[in-house]
Amino acid sequence: MSDVTAQDAIIMLMVMVSASDRTMADAELAKIGEVVGSFPVFDGYARDRVMVTAETASLALAEDGGMQSVLAAAQTAIPDRLADTAYACAVEVAAADLRLEQEELRMLQMIRDTLGLDKLTVAALERSAMARYRRA
């Protein structure tokens, strides 16, 4: 995967989380669009590029070694200063359907390891998502 921007890589990670449990729930797909449309990291990102990037990620994930390929592209494209932002985006998608499957948890672990995030940052981002999605 060449010419992958940080924003492309973040979208690819969100797709990877969504696809990790073998189903891409409508809530998760909607959340990807919402994140791209509202998070400042995506300012200036062409909206028509989202579907192309998501499709690229899906095709890559279907290949042998695809998961490692996407993770390697993310590791290369995402600068350290955006690692926590990328993880926050991935957590948003995982939490969107209000349930976390074991596969999603494993995928989040792989993403945080790939991005080199410390445990305190990870805990804060995950706790924040839990608070946002909690029902009364």
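Rules and cut-offs
Residues numbered from 1 in each chain as written. Predicted model: local features only at pLDDT ≥ 70, side-chain atom pairs only at ≥ 80, totals over all residues. Heavy atoms only, no water. Helix = DSSP H or I, 4+ residues; strand = E, 2+ residues; numbered from the N terminus. Expected span 1.5 Å × (residues − 1). Buried < 20%, exposed > 50% of the residue type's maximum accessible area, 1.4 Å probe, protein only. Contact = heavy atoms within 4.5 Å. Salt bridge = Lys/Arg side-chain N within 4 Å of Asp/Glu carboxyl O. Polar contact = N/O pair within 3.5 Å; in protein donor to acceptor, adjacent residues only side chain to side chain. Core = buried A, V, L, I, M, F, W, Y, C linked by side-chain atoms within 4.5 Å. 1 Å grid on protein atoms, 1.4 Å probe; cavity = no way out; pocket = protein on both sides within 12 Å on 5 of 7 lines; lining within 4 Å. Points joined across faces, edges and corners; volume = space filled by probe spheres on them. Nonpolar A, V, L, I, M, F, W, Y, C, P; charged D, E, K, R; others polar.

### Some points on helix α5 (residues 83–95)
Point 1. For α5, built from 13 residues, the straight-helix expectation of 18 Å at 1.5 Å per residue is met to within 8% by its first-to-last C-alpha distance of 18 Å.
Point 2. Among all positions of α5, only Ala83, Ala86, Tyr87, Ala88, Cys89, Ala90, Val91, Glu92, Val93, Ala94 and Ala95 are buried.
Point 3. Tucked into the core, α5 has its buried residues touching α1 (6–19), α2 (26–38), α6 (102–115) and α7 (119–133).

### Concerning the pattern of salt bridges
Point 1. Taken as a whole and assessed by the stated rule, the structure comprises five salt bridges.
Point 2. As a salt-bridge pair, Glu92 and Lys31 come within 3.9 Å of each other at their nearest N and O atoms. Separated by 61 residues along the polypeptide, Glu92 in helix α5 and Lys31 in helix α2 bring together distant segments of the chain. Considered together, Glu92 and Lys31 belong to a single accessibility category, that of buried residues.
Point 3. Note that Glu126 and Arg112 form a salt bridge whose closest N and O atoms lie 3.1 Å from each other.

### So, the side chain of Glu28
Point 1. Locating Glu28 in the fold gives a position in helix α2.
Point 2. Classification of Glu28 as buried rests on a relative accessible area of 0%.
Point 3. Among the polar contacts made by the side chain of Glu28, one reaches the side chain of Ser18 at a distance of 3.0 Å.
Point 4. Dropping the residues within four chain positions of it, Glu28 is found in contact with Ser18, Thr23, Val93, Ala94, Ala96, Asp97 and Glu104.

### Notes on the nonpolar core
Point 1. Core analysis: the largest hydrophobic core is formed by 42 residues, its most contacted members being Leu13, Met14, Phe42, Ile78, Ile111 and Leu115.
Point 2. For this core, the elements supplying multiple residues, two or more each, are α1, α2, α3 (48–62), α4 (66–77), α5, α6 and α7.
Point 3. In terms of residue count, α1 provides more of this core than any other element does, 10 residues in total.
Point 4. When neighbours within four sequence positions are excluded, Leu115 is seen to be in contact with Leu13, Ile78, Ala83, Ala86 and Tyr87.

### What about the layout of surface pockets?
Point 1. Taken as a whole, the largest pocket spans an internal volume of roughly 240 Å³.
Point 2. Along the walls of the largest pocket sit 13 residues, with Ala95, Leu100, Glu126, Ala129 and Met130 positioned nearest its centre.
Point 3. Looking at the lining of the largest pocket, the elements with two or more residues in it are α5, α6 and α7.
Point 4. Residue composition of the lining of the largest pocket, grouped by class: 10 nonpolar, no polar and three charged.

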